[in-house]
Amino acid sequence: MIMSSCKPSRIAGRSAGVTLVELMVALGVGSIVLAVVATVTVFGARSFMALGNYSALDQQSCAGVDQMTREIRQATALISTNNSPKALVFTNANKGITITYAWNANTKQLTAKYSNESQERVLLRGCEDWSFHLWQRTPYSNLTNVFYAATSPKLCKLVDMSWKCSRTVGGTKLLNTESIQTAQIVLRNQKAN
Amino acid sequence: MRILTEPRKARLSAYTLTEVMVSVGIIGVLFVSLYLAFSAGFTVIRVARENLRATQILVQREETVRLYTWSQLTDPTYFKTNFVDNFAPLGTTYYGNITLSQPANMGSPSYLSDIRTVTLTVRWTNSIGSKLPHIRQMQTQVAHYGLQNYVFGGTAP
């Protein structure tokens, strides 16, 4: 009788729930593990978004600089410049066209407008800043690749440009990726005046 | 009955310390390799961006080399050969220099002394990790009598 009365109590003991201590420990360990997993996931997702943005920005900048390099090298002269909105107007006398590069601070786009095309082309999107400097053909002595500043567009032989493009995800607080590019392009067909 | 319950109790018991340690070790290795894969990926992207910037620097220096006349370019006091450039977003500094040399593998034509091979070099170190030194080079050739049209618009210097 004693043995048989023991039997159900043993079964009840085995199928009983967990103790409070066990539950607390399990909760603690579980939440730590979950926190670690969540951190890794968020960190990973942010990093991969940043990497994607960086490569997209670099790709865009590369394509932009390639196109501008090709066109400015072939241009025969710089006609005019503008500071607000920032713009450079080149002429290609051999092709009989003018090319206008303009940066719009509101739309954050750098565009190229060709006189023989009705639509302008967008070279850079998300362009935070675009600046240029104009140089003459005469180099300074005892320096490396430093030239006299061009005081008028027709003296310009070398264009120095830099721009900054950025992309944000969920506003700047979550993620802000930036790409900065510089380019020096010689107007190869520009003749001395 | 008591004797019978002994083996059942043993079967229901939790993991042994060894089992737990082994599993913790395996999970640790998995996490470490996950993080290493992450950081290796970031390093690859970073190096690619640094390389891209190095290429830009070389191209833009090379672009302006041809604006120098032959006498300016070959005059070491006129044409300074060292330069420093940087990549602001990553804080990388590039140290460059330009060397002029007699072209190699051209034989010895009579105009050999009127040609120079221009070698542009940039060096930089990775600012993270092992400070791995990097070096990139670009070469072009300039000729004594080949620049007038480009620089002076058809008039001889």
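Please read these numbers as outputs of a predicted model, since none were measured by experiment.

Draft legend 1. Region of interest: the overall build of chain A. Regarding its fold elements, chain A presents three helices and nine strands. Listed N to C, the secondary structure of chain A is α-α-β-β-β-β-β-β-β-β-α-β in terms of helices and strands. Among the 193 residues that make up chain A, the fraction classed as buried is 34%. A separation of at least 24 residues holds for 52% of the contacts in chain A among residues at least 6 apart in sequence. About 10900 Å² of surface is accessible on chain A, with carbon and sulfur atoms providing 59% of the total.

Draft legend 2. Region of interest: the confidence of the model for chain B. Residues and elements named next belong to chain B. When the pLDDT values of chain B are averaged, the result is 83; 83% of them are 70 or greater. Per-residue pLDDT, averaged within each element of chain B, yields its smallest value for helix α1 (residues 2–12) (55) and its largest for strand β3 (residues 115–125) (93). Overall fold confidence for the complex sits at a pTM of 0.77, while the interface term, ipTM, reaches 0.74.

Draft legend 3. A look at the packing of aromatic side chains. Per the stated rule, a full pass over the model turns up 11 aromatic pairs over all chains. Ring centres 6.1 Å apart and planes at 55 degrees place the aromatic pair phenylalanine 38 of chain B and phenylalanine 42 of chain B in the tilted group. Of this pair, phenylalanine 38 of chain B and phenylalanine 42 of chain B both sit in helix α2 (residues 17–65), four residues apart, which is roughly one turn of the helix. Taking relative accessible area as the criterion, phenylalanine 42 of chain B reaches 23% and is therefore assigned partly exposed. Here the aromatic residues Phe43 and Phe48 of chain A together with Tyr35, Phe38 and Phe42 of chain B are joined through ring pairs into a cluster of three or more. Residue placement shows arginine 49 of chain B over the ring face of tyrosine 54 of chain A; its charged tip is 3.8 Å from the ring centre. Note that arginine 61 of chain B overlies the ring of phenylalanine 83 of chain B, its terminal NZ or CZ placed 4.2 Å from the centroid.

Draft legend 4. Summary view of the interface of chain B and chain A. Chain B puts 39 residues into the contact, and the matching count from chain A is 38 residues. Carbon and sulfur atoms supply 60% of the area buried between chain B and chain A, which totals about 3500 Å² over both sides. Applying the counting rule to chain B against chain A returns three salt bridges. Applying the counting criterion to the chain B and chain A interface returns 14 residue pairs in polar contact (both at pLDDT 80 or more). Every element with two or more residues in the side of chain B that touches chain A is listed here: α1, α2, β1 (82–87) and α4 (148–152) of chain B. Examining the composition of the side of chain B that touches chain A, we find that 15 residues originate from one element, α2 of chain B, more than from any other. Residues that form the side of chain B that touches chain A fall into these classes: 22 nonpolar, 10 polar and seven charged.

Draft legend 5. Representation of a nonpolar patch on the surface within the structure. Taken together, the side chains of Val21, Val25, Val29, Ile32, Val33, Val36, Val37 and Phe43 of chain A together with Ile27, Phe31, Leu34 and Tyr35 of chain B define a hydrophobic patch exposed on the protein surface, amounting to about 1000 Å² of accessible area. Sorting the residues of the nonpolar patch by element identifies α2 (20–74) of chain A together with α2 of chain B as the ones contributing at least two each. When residues in the nonpolar patch are grouped by element, the largest group, eight residues, is from α2 of chain A. Relative to the elements of secondary structure, phenylalanine 31 of chain B occurs in helix α2. What makes phenylalanine 31 of chain B partly exposed here is its relative accessible area of 32%.

Reading the values: rules and limits
- Residues numbered from 1 in each chain as written.
- Chains lettered and ligands numbered in written order.
- Predicted model: local features only at pLDDT ≥ 70, side-chain atom pairs only at ≥ 80, totals over all residues.
- Heavy atoms only, no water.
- Helix = DSSP H or I, 4+ residues; strand = E, 2+ residues; numbered from the N terminus.
- Buried < 20%, exposed > 50% of the residue type's maximum accessible area, 1.4 Å probe, protein only.
- Contact = heavy atoms within 4.5 Å.
- Areas by Shrake-Rupley, 256 points an atom, 1.4 Å probe, with all protein chains shown as cover.
- pLDDT = per-residue confidence, 0-100.
- Phe/Tyr/Trp six-rings, centres within 6.5 Å; stacked < 30°, edge-to-face > 60°.
- Lys NZ or Arg CZ within 6 Å of the ring centre and 35° of its normal.
- Buried area = accessible area lost by both parts, 1.4 Å probe.
- Salt bridge = Lys/Arg side-chain N within 4 Å of Asp/Glu carboxyl O.
- Polar contact = N/O pair within 3.5 Å; in protein donor to acceptor, adjacent residues only side chain to side chain.
- Nonpolar A, V, L, I, M, F, W, Y, C, P; charged D, E, K, R; others polar.
- Patch = residues over 30% accessible without salt bridge, like charges linked within 9 Å, V, L, I, M, F, W, Y side chains within 5 Å.

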